[in-house]
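# Coordinates in review
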Amino acid sequence: MRTPLIAGNWKMNGSSALVDAFGQAFADADLPESVEVVVHPPFPYLDAARRALAGGSVKLGAQTLNPLHAGARTGEVSGRMLKEFDVEYVLVGHSERRELYRESDDDVYDRLLAALNADLRPILCVGETLEARDAGRTRDVVLRQVGHALAPLEPAQRARVTIAYEPVWAIGTGRTATPEQAQEVMAAIREYQAGFDPALAQSMRLIYGGSMNAANAAELLAQPDIDGGLVGGASLKVDDFLAICHSAR
Ligand code: PEP
């Protein structure tokens, strides 16, 4: 039985006021116990979010980390630092980082390993561009990204990873993958995993991201291989995010 995970990625959005609004809304919210919920605010808000969410069940996540523990890396943040602020989850390989900051598959692997070594729970983001989809290369691209990141890991490390399938053409565009499109790719990821470790393939959480919102979440989350959502834009609206959490029940 896989516990559904709903993760809210604020990206470079939000404010102290939004952190407070979340704290209040989630303190009163009757969240389903069967769903794990995590919010990923920008670094400067992590400590305020930790305090605003204290005592509740919502967990804290970060949006990236540097592969090193410490050193001359101006502007960067390490996994060890995130742990000090009770961060549990961290995104790695988000398509915005792959595209805008040129993070290669090797860079993504280094961050994934750093997250595991810092005792964080990585959410590995994978997904194809529209060009790759139109060229019929979706499966190749996604499985290459998954394989590059997971194949070198020990089984116990792999068991700590959640995979977010996020078609690049669906992120922030309002164009959601159909439940069937998402299910097809996510079933392929699970089948690929089964080649390494059939038991892990069954227990590994696979979540969908790409314009998930309060209106389309239930249909996506009803698919057999979709165990939750990575939510960008809709995670900035408290009511919408709460509605998505309830859809995962
Ligand atoms: C994301 O940031 O991972 C994401 C899926 O964004 P959006 O929901 O806005 O498409």
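Residues numbered from 1 in each chain as written. Predicted model: local features only at pLDDT ≥ 70, side-chain atom pairs only at ≥ 80, totals over all residues. Heavy atoms only, no water.

### Things to note about the pairing of strand E7 (residues 206–209)
Burial along E7 is two-sided: the residues Leu 206 and Tyr 208 and Ile 207 and Gly 209 are all buried. One ladder, built from three bridges, connects strand E6 (residues 162–165) with E7; its direction is parallel. By the bridge assignment for E7, Ile 163 is matched with Leu 206. As paired elements, E7 and strand E8 (residues 228–231) share two bridges and run parallel to each other. Paired with Tyr 208 across the two strands is Gly 229, which belongs to E8. (Buried < 20%, exposed > 50% of the residue type's maximum accessible area, 1.4 Å probe, protein only. Helix = DSSP H or I, 4+ residues; strand = E, 2+ residues; numbered from the N terminus. Pairing = 2+ DSSP bridges.)

### A look at the layout of surface pockets
Roughly 520 Å³ of volume is contained in the largest pocket. Lining the largest pocket are 21 residues, with Met 12, Gln 63, Thr 64, Arg 97 and Tyr 101 sitting closest to its centre. The biggest single contributor to the lining of the largest pocket is helix H4 (residues 95–100), with three residues. By residue class, the composition of the lining of the largest pocket is 11 nonpolar, six polar and four charged. Here the second largest pocket defines a volume of roughly 220 Å³. Taken together, 19 residues make up the lining of the second largest pocket; nearest its centre are Arg 98, Gly 127, Thr 129, Gln 145 and Val 168. (1 Å grid on protein atoms, 1.4 Å probe; cavity = no way out; pocket = protein on both sides within 12 Å on 5 of 7 lines; lining within 4 Å. Points joined across faces, edges and corners; volume = space filled by probe spheres on them. Nonpolar A, V, L, I, M, F, W, Y, C, P; charged D, E, K, R; others polar.)

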